[in-house]
Amino acid sequence: MSNVKAYAAKSATRDLEPFELDRREPTAEDVEIEILYCGVCHSDIHTVKNDWKNAKYPSVPGHEIIGRVTKTGENATNFKEGQLVGVGCMVDSCQTCSACKDNLEQYCENGATFTYNSEDKHLGGHTFGGYSEKVVVDKKFVLNIPENLDVKAVAPLLCAGITTWSPLQQWNVKKGDKVGVIGLGGLGHMGVKLANAMGAHVVMITTSASKTEDAKDLGAHEVLISKDQKQMAQHQNSFDFLLNTIPVGHDVNPYISLLKRDATMVLVGAIEPLDPIHGGGLVGGRKRLAGSLIGGIKETQEMLDFCGEHNIVSDVEMIDIQNINNAYDRMIKSDVKYRFVIDMKSLKNNQ
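Residues numbered from 1 in each chain as written. Predicted model: local features only at pLDDT ≥ 70, side-chain atom pairs only at ≥ 80, totals over all residues. Heavy atoms only, no water.

A. Inspection of the overall build of the protein at higher detail. Along the backbone of the protein there are twelve helices and 17 strands. Radius of gyration (C-alpha) of the protein: 20 Å, near the 20 Å computed for a compact globule of 351 residues. Expressed as lengths along the three principal axes of its C-alpha atoms, the size of the protein is roughly 60 × 40 × 35 Å. Side-chain charges of the protein comprise 37 positive and 45 negative groups, with the mean position of each set lying 4 Å from the other. (Helix = DSSP H or I, 4+ residues; strand = E, 2+ residues; numbered from the N terminus. Rg over C-alpha atoms; globule rule 2.2 N^0.38 Å. Lys, Arg positive; Asp, Glu negative; His and termini not counted. Charge placed at Lys NZ, Arg CZ, Asp CG, Glu CD.)

Put into structure tokens, the structure is as follows:
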């Protein structure tokens, strides 16, 4: 085992602080990665603050990891030392259930091993994430990163990117479709970029008119202000697909009215109770309300390859690890455009 520097929260009421943890030596199936950059996801905050009531401490978050290979096991022949790679939200799964066999490891029927806060099958205890110097991961969960992209801005693709890509693919969004992206934040800005690159007519749906220019700069063709009842009425029954990235419980009924007959709205942001849903809005147009969780490893690689071809990355603000608690405070206030990314070399300077 090797001892590495990290940042951890030791309870739900404690700030993240310097910490040391043990990483296993690579097995024959493993890849060891020196972490260069790690994105900051709102899930990190939910876990650290124990909002979902399942946090394990000390908690080392981080599941948007970009780094270079430093060592490989004898069976990890697809990777070589120095290669640019990524690790997303998962580091293992059973590989035998129907979900895993369908390349949908995030829905593993025996429980996927998430990059942090999951049972560690190798060392016992729980997994530690990317706010650390290095990570050791099963080769099946290591991703190739296109070298032509701005590396630091690739990190959020491993969560925000795949979270929006997967439903766009699953519901067959295609050129010419009218696609609404609800909410302009870390997820929403990626939804706009990806849907635009797929050839869709993209409408940013937001409560704030002040976000109009930003949305258009990201690739939205129109902006719909959801508080404006006249605008909402003009767009009723017109959308082929809606990607709902709102991160908290809310009233989905006004958005359901925007869907065409047989069209779908997919939730990717709110993992909590919603306001009551009126069945008539669904029944009256044979409309669908669905959910989606990140994506499998195969489709995550497909997303990264697509982003490489279309030069798509996240809009990021770089921070040092020492500023992570301030970054959390700012994220809670939505004061970032649109994702924080930690430059992990700052961890080496931490005393």
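B. Fine view of the packing of aromatic side chains. Tallied over the full model, the rule gives three aromatic pairs. Ring geometry for Trp-165 versus Phe-306: centroids 4.8 Å apart, planes at 50°, classification tilted. In this pair, Trp-165 is assigned in helix H4 (residues 160-170) and Phe-306 in helix H10 (residues 297-310), connecting sequence segments 141 residues apart. A single burial state applies to Trp-165 and to Phe-306, both of which are buried. Seen from their ring centres, Trp-171 and Phe-241 are 6.3 Å apart, and the 35° between their planes marks the pair as tilted. With Trp-171 in the loop between H4 and strand S10 (178-182) and Phe-241 in strand S13 (residues 239-244), the pair connects residues that are 70 residues apart, well separated along the chain. Residue classification places Phe-241 among the buried positions, given a relative accessible area of 2%. (Phe/Tyr/Trp six-rings, centres within 6.5 Å; stacked < 30°, edge-to-face > 60°. Buried < 20%, exposed > 50% of the residue type's maximum accessible area, 1.4 Å probe, protein only.)

C. Local environment of the packing of H4 against helix H5 (residues 186-197). For the pair H4 and H5, the least separation of the axes is 8 Å and the interaxial angle reads 50°. Classified by the interaxial angle, the pair formed by H4 and H5 is oblique. Crossing hand, H4 versus H5: right-handed. The residues of H5 that touch H4, namely those facing Ala-160, Gly-161, Thr-163, Thr-164, Trp-165 and Leu-168, are Gly-186, Leu-187, Met-190, Gly-191, Leu-194 and Ala-195. (Axes fitted to C-alpha atoms, helices over the stretch in contact; angles between N-to-C directions. Parallel < 35°, antiparallel > 145°, perpendicular 65-115°, else oblique. Left-handed = near helix turned anticlockwise from the far one by under 90°. Contact = heavy atoms within 4.5 Å.)

D. Fine view of the sheet that holds S13. On the basis of which strands lie adjacent, the open sheet formed by six strands has the order S12-S11-S10-S13-S14-S15 and parallel pairing. Single-partner strands in this sheet number two, and they are strand S12 (222-225) and strand S15 (288-291). Shown here is a sheet whose adjacent strand axes are inclined to one another by a mean of 20°, direction ignored. Sheet topology places strand S11 (residues 201-206) next to S12; four bridges connect them, and they run parallel. Bridge pairing links Ile-205 to Leu-224 in S12. Strands in contact with H4 are S10, S13 and strand S14 (259-267); relative to S13, the strand with the most contacts, it is inclined by about 155°. (Pairing = 2+ DSSP bridges.)

E. How the structure looks around the environment of Ile-277. Here Ile-277 lies in the loop between S14 and helix H9 (279-283). With 142 residues separating them in the primary sequence, Ile-277 and Val-135 have C-alpha atoms 43 Å apart.

F. Region of interest: the pattern of salt bridges. Applying the stated criterion across every chain yields a total of 20 salt bridges. A salt bridge links Lys-193 to Asp-315, with the nearest nitrogen and oxygen atoms 2.6 Å apart. Pair noted here: Lys-193 is in helix H5 and Asp-315 is in the loop between H10 and strand S16 (316-320), with a separation of 122 residues, a long-range link. Ionic pairing is found between Asp-262 and Arg-261, a salt bridge with its closest N-O pair at 3.1 Å. Take Asp-262: its relative accessible area is 22%, and that puts it in the partly exposed class. Take Arg-261: its relative accessible area is 61%, and that puts it in the exposed class. Each of Lys-10, Arg-14 and Glu-17 takes part in a single network of salt bridges with overlapping partners. (Salt bridge = Lys/Arg side-chain N within 4 Å of Asp/Glu carboxyl O.)

G. Quick look at the nonpolar core. In terms of nonpolar packing, the biggest core is built from 97 residues, with Ile-66, Tyr-131 and Ile-324 touching the most fellow members. For this core, the element with the most residues is strand S3 (residues 30-40), which contributes six residues. Contacts of Ile-66, omitting those with residues within four sequence positions, involve Glu-34, Ile-35, Leu-36, Tyr-37, Leu-84, Val-85, Gly-86, Ile-145, Val-151, Val-154, Ala-155 and Leu-158. Leu-224, Leu-242, Ile-256 and Ala-263 belong to the second largest nonpolar core, which has 16 residues in total. (Core = buried A, V, L, I, M, F, W, Y, C linked by side-chain atoms within 4.5 Å.)

These figures capture arrangement, not role.
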